[in-house]
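Survey of secondary and tertiary structure
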Amino acid sequence: MAKVAWPEKGDRKILGSRIPRQDGPPKVTGTAKYSYDINRPDMLWGKLVTSPNAHAELISVDTSVAAAIPGVKAVWVDEELVGDELRYVGQVIACVAADTEEAAIEGAEKVKLQLKALEHQVADDDVALSSGRPSNKEQGNLDEGFAGADVVVEGEYGIAVITHCCLEPHGQVTEVKDGELHVWPSTQNVSRYANQFGDEIEIPQNKIHVDTQYMGGGFGSKFNIDKWGIIGAKLSQETGRPVKIMLDRKEELMIAGNRPSGFAKIKVGLQKDGLISAVDAEVWGSGGQGAFRAPPIPYVFTKVPNTRLVGKGIRTNRGGVRAWRAPNHPQGALLTMSAVDDAAAALGMDSLEFFMKNAALTDRPEVYREELQIAANIIGYRQKAHARGDSGSGPVKRGLGISMHTWGGRGHPSECDVTINSDGSVEAKIGSQDLGTGTRTCIAMVIAETLGLPYEAVTVHLGRNSYPQSGASGGSTTIGGISVSARRAATDALNDLLKTVAGRLGTTDDKLEASAGRIHQIEKAGGGVSWREACSMLGPNSITKRGINNPGESQQEGLISAGVGGVQIADVSVDVETGIVTMNEMVAVQDCGLIVNMKLAESQVYGALIMGITYALYEESIYDSKTGIMLNPDMEFYRLAGIKDVGDLKVHMMTGKGYDDRGIIGIGEPPAISPGAAISNAVANACGVRVPSLPLTPERVIAALQKGGDIA
Amino acid sequence: MNPFEYVAPSDLREASSLLGSRWGQTEVLAGGTDLVTSLKQGITKPKRLVSLKNIPELKRIQVKKNTVRIGAMVTLRDLAANATIQEEFPALVTAIDGIGSSQIINAGTVAGDLCQRPRCWYFRNGFGLLAEDNGDSLVRTGDNRYHAIFGNDGRALFVNASSLAPALIALQAEISIVGAAGREREINAGDLFQAPNNGEDREVALRANEIVSEIKLPRENMQNASYEVRHRHGLDWPYATASVALKIRSGIAREASVVLGHVAPTPWPAVAASNLLNGARVDASLAEAVGEAAARGAKPLSGNAYKVQMVKTAVKRALLAAANA
Ligand SMILES: Cc1cc2nc3c(=O)[nH]c(=O)nc-3n(C[C@H](O)[C@H](O)[C@H](O)COP(=O)(O)OP(=O)(O)OC[C@H]3O[C@@H](n4cnc5c(N)ncnc54)[C@H](O)[C@@H]3O)c2cc1C
């Protein structure tokens, strides 16, 4: 009989190995079809008509000219918006469906909007603009905390609004045909997409077919059907033709999700020994439409005895907030780690020593200490480290910076069917999605491990809502969810098979196991019957079992858990005569419990580092206060790091005792949290002054150096 | 992008005759790396594109005794790969390498680089080249972090986007232009650029039906170099550049020319810096002083004072690189 518990280290055949992702070859060769690539016969192109104003009253919408353009087949207008307020540039008002993309664009341009401009507000960095009642969280006694401190340091820090900038923008192809709706959306949420049509469309959920085989990035911005999802269905219904609506880059950057900014005034008190005694933070910021939640400060150091966190939201006429890879943690990390590192520098304490010391104030001191040590060894900390600003006489200064982070990552509810066919073939069906993280590959690995088969023997079907439902891919919850549902299903299916085989072999199922492609007496590998032979005993039948991950239960059984730690150290160079920051090296040490696929886990971390370096050095959403428009809704000024910009990246995953035995934990988000903080600390270490706000562009670096009197 | 007619004549005269006499009616198409973006952004809506790709003589590099003659349609790749250019004109090679993108370097042409439209984000977002709203400059009161610190007294506040131009000007290049009825004229490279003061003119001092046909580069044994202040390593324009060309006899600089890029509506000759350099002994402290001189007279807008520091550094480093060459 097979057990659900994960195999011990020596018994793992496939789990933890470095199998390349299944989606690699199809993506490289172009056979992978993203939503953007789906073309249906007779398909129309939909182009959105959006608000040119940051704030205005929409008086009327005139579609007559647009509708008359050759090729234009239908124009949908959000009638509820007419007479109402538009609140940001890019807000969706209407959509034109046409035979060609060009006609749709021309049609959209010709939809006449009558607008009455209202005053707008797009600045997100000035606390004087905040409104509403501030949030307030206190712990301990601040006055005592600061009174007992030997060093008190106060500083201002900030991190800009960025967007998700998914390489594949949001959108979908929708086809309503014979009373059924087929949709190919770019979504992180296959199983809970159809229900989002709600009352907007009169097609029962069992006639809605969602299909997402490949998608080009979501990062938290693609859980919802979105207005364009509803519009696509309505236009398809109206015209009887499939409709493709994909946002263009400009729209993607303006309306598909903001990561809120965070600006803060932070006071830190340290004891002589470097231990943090008090943190007082006032934080403000905005993500545009949507509420502002104060990022956690002090981040990670949750056991600082005396703290206060005041949060003030700023309302701006910019697109909406959406979850961005570890919501609020990158902000919390940047603001906290900068402030405490400044305090350490004021005390004259080495950063590594400081973080080691203050690991005591975290939820997992041992993990952080171990990770700090490993990260320091990999980057050569002791050889390279120097006191802040003590970095030689040339114009190019080198420095190191540290940050630590945490995240939950417990597997979500998930269901998976595993089928063993009488010809020995094995397949899985699951309503999950592969965001490019390697979900398919990991499911196949878990099932192959369970059945004692080679990885190639398992076929995985996912990305359709007709399959057993599985959670949205957010919060780093996918790997835990799908691994357990797949494991349970495969275990149950195997146990059924063992029963059949036991009968034939004249033994009992509790004496059998599957390994290396055979079913045999326990610990008698190589004996018994081949997998194929065993399956042929099923006769005309196959076995299908459904595995369910109930997170609470699975956690109790030790299959999954939550709560990880990670440490990152950045090594940068700062040219103090030009303000240019260059990445030399970045080390990430990360814990995520039992690792299903080492290569894919590392890939997640590499990707997170690149994304993190991008928001640390280049990326920000810039709005013009006078016109209210986004000034950089393009890939030129909305800068992303290229391969030459990221330096040498090194990833170390924690494994073995104390890690593997925690079960599986998600990894998508945690490594994206620390890069901004680590890089900011490295820049401060290199050039001797804190550049208060991310991204660390040369204009900000020069301004900080000039303020510090380091250059004229 | 609006519908347009596309023509690709094989004769230069014919090409110019196919161009309209007013800007925007027609556009010259070279490699298209900038023009196609402009069409998509709707900042030009021509009725006709005149491609130069079928005109063979525009694609030649001719190395003569006293000059190198570079056809307008020579790609940036072919220019940077030319042995004479590599040996005698490193300032140009640096400017091309810095673009960082193989695709742009392979497709982009020399004249296209010189005539590329500014990157000003108000311009690219549809507010016009002068970026004015009811006569008020959006740039002056808005976000001008990437705008001009020199030559910004008038209405034009964008920066010229070409990195080749400052190097060509420092190297005393001349530019041949073919206009209506095949009429030819030749100008100094610096005279190709202007800061428009009305909504009609462009930033190149061409008529709408004129075509740049050739760049003539004198082979004067000038030591030369460019230094670019860049943030990203690819797919981006620099913040500021300096190109320096000079002769050094017994340690003393002569015939020196310092030209700045990306800091003014035109490539910006740093006259005071060139004057300070001429007749002086080239060393590190002179380089520092020349950098300071180049930055003097800058008039930063509200958000771009940091560029002054970049200018000083770029000039200093370009000069030291040229001197060591
Ligand atoms: C991401 C990116 C980064 C870049 N970075 C840099 C950089 O760092 N430095 C830099 O200098 N450039 C940079 N460029 C600009 C690039 O060099 C230009 O796009 C390219 O050189 C234009 O050449 P083209 O042949 O494609 O011109 P086109 O796009 O065909 O034309 C550009 C303009 O020039 C006009 N034109 C072209 N040829 C002629 C002619 N013979 N006579 C008259 N007018 C003509 C066209 O009408 C058009 O207005 C960058 C471009 C991109 C996209």
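Rules and cut-offs
- Residues numbered from 1 in each chain as written.
- Chains lettered and ligands numbered in written order.
- Predicted model: local features only at pLDDT ≥ 70, side-chain atom pairs only at ≥ 80, totals over all residues.
- Heavy atoms only, no water.
- Helix = DSSP H or I, 4+ residues; strand = E, 2+ residues; numbered from the N terminus.
- Rg over C-alpha atoms; globule rule 2.2 N^0.38 Å.
- Buried < 20%, exposed > 50% of the residue type's maximum accessible area, 1.4 Å probe, protein only.
- Contact = heavy atoms within 4.5 Å.
- Areas by Shrake-Rupley, 256 points an atom, 1.4 Å probe, with all protein chains shown as cover.
- Domains from an automatic or database assignment.
- Buried area = accessible area lost by both parts, 1.4 Å probe.
- Salt bridge = Lys/Arg side-chain N within 4 Å of Asp/Glu carboxyl O.
- Nonpolar A, V, L, I, M, F, W, Y, C, P; charged D, E, K, R; others polar.
- Pairing = 2+ DSSP bridges.
- Axes fitted to C-alpha atoms, helices over the stretch in contact; angles between N-to-C directions.
- Expected span 1.5 Å × (residues − 1).
- Polar contact = N/O pair within 3.5 Å; in protein donor to acceptor, adjacent residues only side chain to side chain.

Focus on the overall build of chain A
- Summing up its helical and strand segments, chain A has 17 helices and 29 strands in all.
- Against the 2.2 N^0.38 benchmark of 27 Å for 712 residues, chain A shows a C-alpha radius of gyration of 28 Å, consistent with a compact globule.
- Reported as C-alpha extents along the three principal axes, the dimensions of chain A are approximately 85 × 70 × 45 Å.
- Taken over 712 residues, chain A has a buried fraction of 61%.
- A separation threshold of at least 6 residues defines the contact pool for chain A, and within that pool the share at least 24 residues apart is 81%.
- Roughly 25,800 Å² of accessible area belongs to chain A as shown, and the carbon and sulfur atoms make up 48% of that amount.

Description of the domain arrangement of chain A
Residues and elements named next belong to chain A.
- On domain assignment, one finds that chain A holds domain 1 (9-32 + 410-556), domain 2 (35-119 + 170-246) and domain 3 (262-409 + 562-707).
- Summarising the inter-unit geometry, the C-alpha centres of domain 2 and domain 3 are found 38 Å apart.
- The interface is formed by 14 residues belonging to domain 2 together with 11 residues belonging to domain 3.
- The contact between domain 2 and domain 3 buries some 950 Å² in all, and 56% of this surface belongs to carbon and sulfur atoms.
- Summed over the three residues of domain 2 that lose the most area to domain 3, namely Tyr-88, Val-89 and Phe-219, the buried surface amounts to 48% of that side.
- Taken together, the connections running from domain 2 to domain 3 amount to one salt bridge.
- Between Asp-226 and Arg-322 there is a salt bridge whose closest N-O contact spans 2.7 Å.
- Class assignment for the residues of the side of domain 2 that touches domain 3 results in seven nonpolar, four polar and three charged.

Considerations on the sheet that holds strand 2 (residues 26-29) of chain B
Residues and elements named next belong to chain B.
- Strand order in this open sheet of three strands is 1-3-2, and the pairing throughout is parallel. Both edges of this open sheet fall to strand 1 (5-7) and strand 2, since each of them pairs with a single strand only. When strand polarity is set aside, the average angle formed by the axes of neighbouring strands in this sheet is 20 degrees.
- Summarising the sheet, strand 2 and strand 3 (residues 48-51) pair through four bridges and their orientation is parallel. Bridge pairing links Leu-29 to Ser-51 in strand 3.

Overview of helix 7 (residues 329-347) of chain A
Residues and elements named next belong to chain A.
- Helix length check: helix 7, at 19 residues, gives a terminal C-alpha distance of 26 Å against a target of 27 Å (1.5 Å per residue), a fit within 8%.
- Burial analysis of helix 7 places 16 of its 19 residues in the buried class, which makes it a mostly covered element.
- Taken from the residues just after helix 7, Gly-348 is the one with a positive phi, measuring 80 degrees.

Details of the domain arrangement of chain B
Residue and element names in this part refer to chain B.
- Taken as a whole, chain B is organised into domain 1 (57-218) and domain 2 (223-322).
- Look at where the C-alpha atoms of domain 1 and domain 2 centre, and you get two points 18 Å apart.
- At the junction of the two partners, domain 1 supplies 42 residues and domain 2 supplies 41 residues.
- Between domain 1 and domain 2, roughly 3,200 Å² of surface is buried when both sides are summed, and carbon and sulfur atoms account for 59% of that area.
- When the buried area of domain 1 at its contact with domain 2 is split by residue, Ile-149, Phe-150 and Pro-166 rank highest and sum to 24% of it.
- Between domain 1 and domain 2 we count one salt bridge in total.
- The residue Asp-153 makes a salt bridge to Lys-299 at a minimum N-O spacing of 3.2 Å.
- Counting across the domain 1 and domain 2 interface gives 21 residue pairs in polar contact (both at pLDDT 80 or more).

Points about the interface of chain B and chain A
- Taken together, the contacts link 29 residues of chain B with 35 residues of chain A.
- Summing both partners gives a buried area of about 2,900 Å² for chain B against chain A, and 52% of it is carried by carbon and sulfur.
- Where chain B touches chain A, the interface holds eight salt bridges.
- Residues B:Arg145 and A:Glu620 are paired through a salt bridge, measuring 3.2 Å at the closest nitrogen-oxygen approach.
- Here chain B is connected to chain A by 16 residue pairs in polar contact (both at pLDDT 80 or more).
- Among the residues forming the side of chain B that touches chain A, the class breakdown is 11 nonpolar, eight polar and 10 charged.

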